[in-house]
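# Chains, contacts and geometry: an overview
One-letter residues, chain by chain:
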Amino acid sequence: MDAQTALMMTQKGGTVLCLDVPYSTLVFGIDARTWELGPKFKGIKMIPPGLHYVYYGGSKDSVGGDMVSIFLEISESQVIVMKWNPKIEQLEIIKDEDEHNRYVEGVRRFDFDPFLGPYPLEQHSLWKSLTVFIDHDLLQKLNPDSLWIHADSIDNRTKERDMKKVDEMMQQNPTPNSSKRREKQNDGDLVMEAETTTTTSTSETTDDTKYTSENSPHFTFIPQRDPKDTQKAHTHALLDKTSILYLLEKAGKPEEIWGIPLLGELQFSFICFWLGQSFLGFQQWKNILSVVCQSEQAIYTHPEFYTRFLKVFFEQLRQVPDTFFKDLEGESFLSYVLESFFELVDDHRASIRLQTEAMKLRQ
């Protein structure tokens, strides 16, 4: 980045100030990049306006730690101030106006500049492609009440076993695109080891007071059947889930906007489990894929939606190794839904454009 671009991004880019984060915190990330923190770290600067995802977790004194994350809509030159609360061992957004303004003024004077890591602009286009359908209204709908998403905000007896298995897959199969680099600023006290994926292990024990429903996203409920279906129709729905898809996205909308919120939720849930290690996000991602990939009639009547879906899905698959998606019961979930989908797309009723896009996914 040249000096002029750097100055422009410093002046117009957003800043996330993170104060008093303990050095023991192993992982801190924004969007598709994570860092190992040094003792001088106080946040990220030069953030392009738009939607971003901040997450952190881990401890040098433990095997791993649970991720805590938040989606942020950042405007031009905006400063978001967070401070570590040692009582609950979490970051909190400062709400006191006077205190917030003091820190903002400090950022404007560049007081914190030596302690702020630059946003990885080389990955911004990738990030935008992974979140292109998540708009403000959808974010307001899906965000948890506390705004913070916790990796263990679901009470499930098998969760620890399942997440451990997902963890092992990621450790054994690092992302092909993963690249690490070390950045040193000043005397080297601010050291950030960047990578494109998060592989922090899930803790074996959790503090139940942290993982409550207020930290769980408000995902759309996806039924197994249309409650208005007859028994015959229900049997048919086991093979063709179009009636369920139409419960999620009503028919009659213009084709250019049909299904956009569902694609946005697919992207939201993917980010939650890929970066935020949210088991709930993983389940929702699978639920949406199951319906979309097995809706026979919809594939033939909504080709534009499915073309957009393939681009979203293809970009997601590029970020993680195939084995990451193995079904938690041992069978390959991806293989199952893709086999169903490709069988339907190969039908002569499917559009040529959709068949062409599907070929990219097969390769």
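The structure displayed is predicted, hence computed values, not measured ones.

Strand residues, when the strand is regular, have side chains that alternate between the two faces of the sheet. With 5 of 5 residues buried, strand β4 (residues 43-47) lies mostly within the body of the structure. As paired elements, strand β1 (residues 14-19) and β4 share 3 bridges and run antiparallel to each other. When the bridges of β4 are listed, L17 appears paired with G43. Alignment of β4 against strand β9 (residues 117-118), held across 2 bridges, turns out to be parallel. Considered in β9, the bridge of K45 is made with P118.

Let us now look at the nonpolar core. Counting 84 residues, the largest nonpolar core has F28, Y306 and F309 as the members making the most contacts within it. With 9 residues, helix α8 (residues 260-274) is the largest single contributor of residues to this core. In this view, F309 contacts L263, L266, L289, V292, C293 and F341; residues no more than four positions away in its chain are not counted. Formed by 9 residues, the second largest nonpolar core is a distinct cluster that contains L17, V104, V107 and L116.

Below, the discussion takes up the packing of helix α3 (residues 124-131) against α8. Running from N to C, α3 and α8 cross one another at 125 degrees; their axes reach a closest spacing of 8 Å. Judged by the angle between their axes, α3 and α8 are oblique. Touching W127, S129, L130 and T131 of α3 are Q267, F270, I271 and W274, all from α8. Along the lines of polarity and charge, the residues of the contact of α3 with α8 split into 5 nonpolar, 3 polar and no charged.

For helix α11 (residues 303-317), which comprises 15 residues, the first-to-last C-alpha distance of 21 Å matches the rise-based estimate of 21 Å (1.5 Å per residue) to within 8%. Burial analysis of α11 places 11 of its 15 residues in the buried class, the great majority of the element. Taken together, the buried positions of α11 are occupied by F305, Y306, T307, R308, F309, L310, V312, F313, E315, Q316 and L317.

Looking now at the side chain of T307. Note that T307 resides in helix α11. Of note is the side chain of T307, whose polar atom sits 2.9 Å from the backbone oxygen of P303. Once residues within four sequence positions are removed from consideration, T307 is found in contact with R353, L354 and E357.

Turning next to the sheet that holds strand β6 (residues 68-74). The strand order across the open sheet built from 5 strands is β3-β2-β5-β6-β10, with neighbouring strands paired in antiparallel fashion. Edge positions in the sheet fall to β3 (33-35) and β10 (148-150), since each has one partner strand and no second. Strand-to-strand twist across the sheet, computed as the mean angle between neighbouring axes with direction ignored, equals 20 degrees. In this structure, strand β5 (residues 50-57) lies alongside β6, joined through 7 bridges in antiparallel fashion. Within the sheet, the bridge partner assigned to V54 lies in β6 and is I70. Lying over the sheet, α8 contacts β5, β6 and β10, oriented at roughly 135 degrees with respect to β6.

The rules behind the values
Residues numbered from 1 in each chain as written. Predicted model: local features only at pLDDT ≥ 70, side-chain atom pairs only at ≥ 80, totals over all residues. Heavy atoms only, no water. Buried < 20%, exposed > 50% of the residue type's maximum accessible area, 1.4 Å probe, protein only. Helix = DSSP H or I, 4+ residues; strand = E, 2+ residues; numbered from the N terminus. Pairing = 2+ DSSP bridges. Core = buried A, V, L, I, M, F, W, Y, C linked by side-chain atoms within 4.5 Å. Contact = heavy atoms within 4.5 Å. Axes fitted to C-alpha atoms, helices over the stretch in contact; angles between N-to-C directions. Parallel < 35°, antiparallel > 145°, perpendicular 65-115°, else oblique. Nonpolar A, V, L, I, M, F, W, Y, C, P; charged D, E, K, R; others polar. Expected span 1.5 Å × (residues − 1). Polar contact = N/O pair within 3.5 Å; in protein donor to acceptor, adjacent residues only side chain to side chain.

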